[in-house]
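Working through the structure, step by step
This is what each chain is made of:
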Amino acid sequence: SGSMDSCLMIWSMKSQMRAYRFVGHKDAVMCVQFSPSGHLVASGSRDKTVRLWVPSIKGDSTVFKAHTATVRSVHFSSDGQSLVTASDDKTVKVWTVHRQKFLFSLSQHTNWVRCARFSPDGRLIVSSSDDKTVKVWDKTSRELIHSFCELGGFVNHVDFHPNGTCIAAAGTDNTVKVWDVRMNRLLQHYQGNLSFHPNGNYLVTASNDSTLKILDLLEGRLLYTLHGHQGPAICVAFSRAGDLLASGGSDEQVMVWKTNGVVDDGDVLKTQKSASSVDETHHAPVEMDCALHLEKTKPLNSGRNHKQQEEEISLTNTLEHILEQLNVLTQTVSILEQRLTLTEDKLKECLENQQKIIHSKT
């Protein structure tokens, strides 16, 4: 985890093991990520640098310098050979991990770039920005493939689906949108920040209302709402195995949750007893009971028989799915209306220019 205290913390999931506190950055650490092998950790900072750390007691690191503003995102390719970073200097940069050198920049964003991610096969890069766009790039040719513009706010986070066919983006308008990158079309629309489950069937979101939500992508519906943070939940991510998820909030807490098979058989999620408190001036692990409340979206009435309950659940699921689809249709209509308005404005401008030309000739 990274913090405003400019330190990087490596936490152990074993209760008796101490955490490592690494010092090197000169300003706030904005982003961190382990390499696929777990042998390296990358971090980006407000000091405009990227560092590669060896997660050991020594905490040795190598500094990468090329960005000219805050680095907000770091991400390893699936083979661990490349690193992609995003910055307030409006660029996405790609680095080689083995030679520890800067390779090239992608620079068609017109505002801060908040996030950049490799596709699972490493062929594509997706980036999100305060220019309210999500861009998909070809890593080999370094060309822009497509730009998604149907967003209502700055885009804080973006990621690829595990099979590489879809991307999901979360924005400051507190929405999550899922697009098919093969057909460049909107598939689903949710609320909050995001992380895909490794099996690709589920999505977890973090929201300003302090909750985390587990979404079923196959059925397009909300499964669970998790309560625990005492303020906006800022970020969330599944572990590589999918058995854990971690969330960070403005309440200065890092919480680790056990999924306990919820994504497979619907069991209730539970939080791990150990959570981590992130202090503004110093990271330190704190033992605590999270005492979190889980709210299922389909409460059952124990006074009814099993068949009635199943019918009610089926009806509720159908209605929820219809509402989600209506929401997507509403968003689509809104986008079409915006485009129609832009077209009308351009047509009006052309007519006005034509009139000016005619008047100038006469």
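Bear in mind the structure is a predicted one, so any value in this text is a computation, not a measurement.

Here is what the cut-offs are and how they apply
- Residues numbered from 1 in each chain as written.
- Predicted model: local features only at pLDDT ≥ 70, side-chain atom pairs only at ≥ 80, totals over all residues.
- Heavy atoms only, no water.
- Helix = DSSP H or I, 4+ residues; strand = E, 2+ residues; numbered from the N terminus.
- Buried < 20%, exposed > 50% of the residue type's maximum accessible area, 1.4 Å probe, protein only.
- Areas by Shrake-Rupley, 256 points an atom, 1.4 Å probe, with all protein chains shown as cover.
- Core = buried A, V, L, I, M, F, W, Y, C linked by side-chain atoms within 4.5 Å.
- Contact = heavy atoms within 4.5 Å.
- Salt bridge = Lys/Arg side-chain N within 4 Å of Asp/Glu carboxyl O.
- Pairing = 2+ DSSP bridges.
- Axes fitted to C-alpha atoms, helices over the stretch in contact; angles between N-to-C directions.
- Patch = residues over 30% accessible without salt bridge, like charges linked within 9 Å, V, L, I, M, F, W, Y side chains within 5 Å.
- UniProt positions renumbered as here; feature names shortened; annotations may be inferred.
- Phe/Tyr/Trp six-rings, centres within 6.5 Å; stacked < 30°, edge-to-face > 60°.
- Lys, Arg positive; Asp, Glu negative; His and termini not counted.
- Charge placed at Lys NZ, Arg CZ, Asp CG, Glu CD.
- Polar contact = N/O pair within 3.5 Å; in protein donor to acceptor, adjacent residues only side chain to side chain.

Here we come to the overall build of the protein chain. What the protein chain contains, in helices and strands, is two helices and 29 strands. Within the span of the protein chain, comprising 362 residues, buried residues form 46% of the whole. When the accessible surface of the protein chain is split by element, carbon and sulfur atoms take 52% of a total near 18700 Å².

Take the nonpolar core next. Membership of the largest hydrophobic core comes to 15 residues, with the highest contact counts inside it found for Val-126, Val-134, Val-136, Ile-167 and Trp-179. Listed by contribution, the elements that provide at least two residues to this core are β12 (124-129), β13 (134-138), β15 (155-160) and β16 (166-171). Here the element with the most residues in this core is β15; it accounts for three residues. Setting aside anything within four residues of it in sequence, one finds Val-134 in contact with Val-126, Ser-127, Ser-128, His-146, Ser-147, Phe-148, Leu-151, Val-155, Val-158, Ile-167, Ala-169 and Trp-179. In terms of nonpolar packing, the next biggest core, distinct from the first, is built from 14 residues, Val-204, Leu-245, Met-255 and Trp-257 among them.

To continue, consider unusual backbone geometry. Among all residues except glycine, the phi angle is most often negative; among peptide bonds, the trans geometry is most common. Of note in the backbone geometry, Lys-48 takes a positive phi value of approximately 80° without being a glycine. Relative to the elements of secondary structure, Lys-48 occurs in the loop between β4 (41-45) and β5 (49-53). In this model, Asn-184 sits at a positive phi of 55°, which is unusual for a non-glycine residue.

Turning next to the pattern of salt bridges. Across all of its chains, the model carries six salt bridges by this definition. A salt bridge links Asp-130 to Arg-114; the shortest N-O distance between them is 2.9 Å. Pair noted here: Asp-130 is in the loop between β12 and β13 and Arg-114 is in strand β11 (residues 113-118), with a separation of 16 residues, a long-range link. On the basis of relative accessibility, which here comes to 6%, the residue Asp-130 falls in the buried class. Note that Asp-209 is salt-bridged to Lys-213, the shortest N-O span being 3.3 Å. Classification of Lys-213 as buried rests on a relative accessible area of 18%.

So, on to the sheet that holds strand β7 (residues 71-76). Taken together, four strands build an open sheet; the order of strands is β7-β8-β9-β10 and the sheet is antiparallel. Both outer strands of the open sheet, β7 and β10 (101-106), are each paired with one neighbouring strand and no more. Averaged over all neighbouring strand pairs, the angle between strand axes comes to 25°, with direction disregarded. Pairing of β7 with strand β8 (residues 82-87), which is carried by five bridges, proceeds in the antiparallel orientation. Note on β8: the bridge partner recorded for Ser-73 is Ala-86.

This part is about a nonpolar patch on the surface. A cluster of nonpolar side chains, namely Leu-315, Leu-319 and Ile-322, defines an oily patch on the protein surface of about 280 Å² accessible area. Looking at the secondary structure, you find Leu-319 in helix α2 (residues 306-361).

Quick look at the UniProt feature "repeat: WD" (unreviewed entry) in the protein chain now. UniProt records the feature "repeat: WD" (unreviewed entry) for residues 22-53, 64-105, 106-147, 155-189, 194-225 and 226-258 in the present numbering. The annotated region residues 155-189 carries 0% helix and 66% strand content, and the separation between its end C-alpha atoms amounts to 14 Å. Annotated as 0% helix and 56% strand, the span residues 194-225 places its first and last C-alpha atoms 14 Å apart.

Here the focus is the packing of aromatic side chains. Per the stated rule, a full pass over the model turns up five aromatic pairs. Ring centres 5.5 Å apart and planes at 65° place the aromatic pair Trp-95 and Phe-102 in the edge-to-face group. In this structure an aromatic cluster arises from ring pairing among Tyr-20, Phe-22 and Trp-53.

The subject of this paragraph is the sheet that holds strand β6 (residues 61-65). Read from one edge of the open sheet, four strands run β3-β4-β5-β6, paired in antiparallel fashion. Bordering the open sheet on either side are β3 (29-34) and β6, each of which pairs with just one other strand. The sheet shows a mean angle of 20° between the axes of neighbouring strands, direction not considered. In this structure, β5 lies alongside β6, joined through five bridges in antiparallel fashion.

Now for a negative patch on the surface. A cluster of acidic residues, Glu-344, Asp-345, Glu-349 and Glu-352, forms a negative patch on the protein surface. By relative accessible area, which is 45% here, Asp-345 ends up partly exposed.

This part is about the pairing of strand β25 (residues 253-258). The buried fraction of β25 amounts to five of the six residues, a majority that puts the element mostly inside the structure. Where strand β24 (residues 244-249) and β25 come together, five bridges link them in antiparallel fashion. Following the sheet pairing, Ala-246 is matched in β25 by Val-256. What sits between the antiparallel neighbours β24 and β25 is a turn of three residues, in which Glu-252 has the positive phi angle 65°.

Right, let's talk about the environment of Arg-221 for a bit. When you line up the elements, Arg-221 lands in strand β22 (residues 221-227). For Arg-221, a relative accessible area of 10% translates into the label buried. For the pair formed by Arg-221 and Tyr-202, sequence separation is 19 residues and the distance between their alpha carbons is 9.9 Å. Within polar-contact distance, the side chain of Arg-221 engages the side chain of Glu-219 at 2.5 Å.

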